[in-house]
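The primary structure of each chain is shown beneath.
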Amino acid sequence: MTPTCPPRGVYSPVVAFFNEDESLDLDALKQHVTRLAQAGVAGLVIQGSNGEAPHLLHSERQEVIAVASKVLKEHGKEGAVIIAGCGAQSTRETIQLCNEAKDSGADFALVLSPSYWTGAMAKPTIATFFNDVASSSAIPILLYNFPAVTSGIDLDSDTIATLAAHPKIVGCKLTCGNVGKLHRIAHDERITEPFAVFAGKSDFFLHGLVAGSTGVIAAAANLAPKVHLKLLEHYDAGRLKEAQELQTKLSTADWVLVQLGVAGLKAALQRYYTYGGGRSRRPLGMVASAKFEGKPDAILKDLVDLENGL
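Let us look at the structure shown here. Per chain, residue numbering runs from 1 following the sequence as it is written. In keeping with the predicted nature of the model, local features appear solely for residues at pLDDT of at least 70, side-chain atom pairs appear and are counted solely at 80 or more, and the whole-chain, interface and lining totals rest on all residues. With hydrogens and water excluded, all non-hydrogen atoms of the structure serve as input to the side-chain values.

### Some words on the pattern of salt bridges
Here comes step 1: The working definition used for a salt bridge is a side-chain nitrogen of Lys or Arg within 4 Å of a carboxyl oxygen of Asp or Glu. This structure, assessed with the given rule, holds 15 salt bridges.
Here comes step 2: Here Asp154 and Lys181 are joined by a salt bridge, their closest N and O atoms 2.6 Å apart. One end of the pair, Asp154, is in the loop between strand E5 (141-145) and helix H5 (157-163); the other, Lys181, is in helix H6 (residues 179-186), with 27 residues separating them in the sequence.
Here comes step 3: When accessible area is computed with a 1.4 Å probe and restricted to protein chains, residues below 20% of their type maximum are described as buried, those above 50% as exposed, and intermediate ones as partly exposed. The exposure class assigned to Lys181 is buried, which follows from its relative accessible area of 3%.
Here comes step 4: A salt bridge links Arg271 to Asp297, with the nearest nitrogen and oxygen atoms 3.0 Å apart. Residue Arg271 is located in helix H9 (residues 240-273), and its partner Asp297 is located in helix H10 (residues 295-308); the two are separated by 26 residues in the primary sequence.
Here comes step 5: What makes Arg271 partly exposed here is its relative accessible area of 36%.
Here comes step 6: We classify Asp297 as buried; its relative accessible area is 19%.
Here comes step 7: Taken together, the salt bridges that share partners define one network made up of Asp158, Asp188 and Arg190. Each helix corresponds to a stretch of at least 4 residues labelled H or I by DSSP, and each strand to a stretch of at least 2 residues labelled E; elements are numbered beginning at the N terminus.

Right under this line is the structure:
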């Protein structure tokens, strides 16, 4: 039975893999999800920012979710949840994406604020959007706060706490990086039902745990899921020094990956795990191997070596 909100833990926002003709590379997807499942992640985010959701057709979104769900089941991970990115510019299409995600095997939807007409997106309009989507979606939703991809729209803690009153709004992902906001939401007395508050980057995973987060949804967990899980283990056992040491490695590697971008993360998977091809759909293209030379390679290889030793 699906939990009322995503359980605590480490979630990998799965990247999208493409063949040379830009068709979906489902073999690489299966190999990647298998590695993540074997690492022990609590769940997957499909079609988040790293999943190149804006580049995929509805039918492709459904296919990727279905394949990922099947691989999890094959590896005995029925308890691992799938959160599907379902943001669109209209309420109508967002609801459609949520319902298609449910039909394909997703347990929750992750929804960005609409942002094309930024000037029209006043707080009451955004609140109505999320409430309407939640009311009509076939699965519960999480609020996705990522100002860098929503023309600067930044959901504040009061807005999130108010929206949490809706029985089908069950969490949020904070890629804004505001740990103070995360702390306020995690301890807001207005939120009386289970509500998952996720750090949105490896960069502040440990900081988020201290503030009361539910865990992390982090791009770098594609590269090193077991390192993230080890940090969580250290924190839960009270080994703060060991957790800090791993956080330093994750923060340093995360900054390298941020500079390489979405295509760079896939290039890293090809470089260090030899699958995926490192391709994104145009206009993102590919990241040249020269971008890894020197310090970036040393930092990422150190993290991958640690991952492979766990």
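### Focus: unusual backbone geometry
Glycine aside, the phi torsion of most residues is negative, and most peptide linkages are trans.
Here comes step 1: The amide bond that connects Arg282 to the next residue, Pro283, takes the cis arrangement and shows omega of 15°.
Here comes step 2: Within the fold, Pro283 resides in the loop between H9 and H10.
Here comes step 3: Positive phi, normally seen in glycine, also occurs at Glu52, with a value near 50°.
Here comes step 4: Secondary-structure assignment places Glu52 in the loop between strand E2 (43-46) and helix H2 (58-74).
Here comes step 5: What makes Glu52 buried here is its relative accessible area of 3%.

These results come straight from atomic positions and should not be treated as a statement about function.
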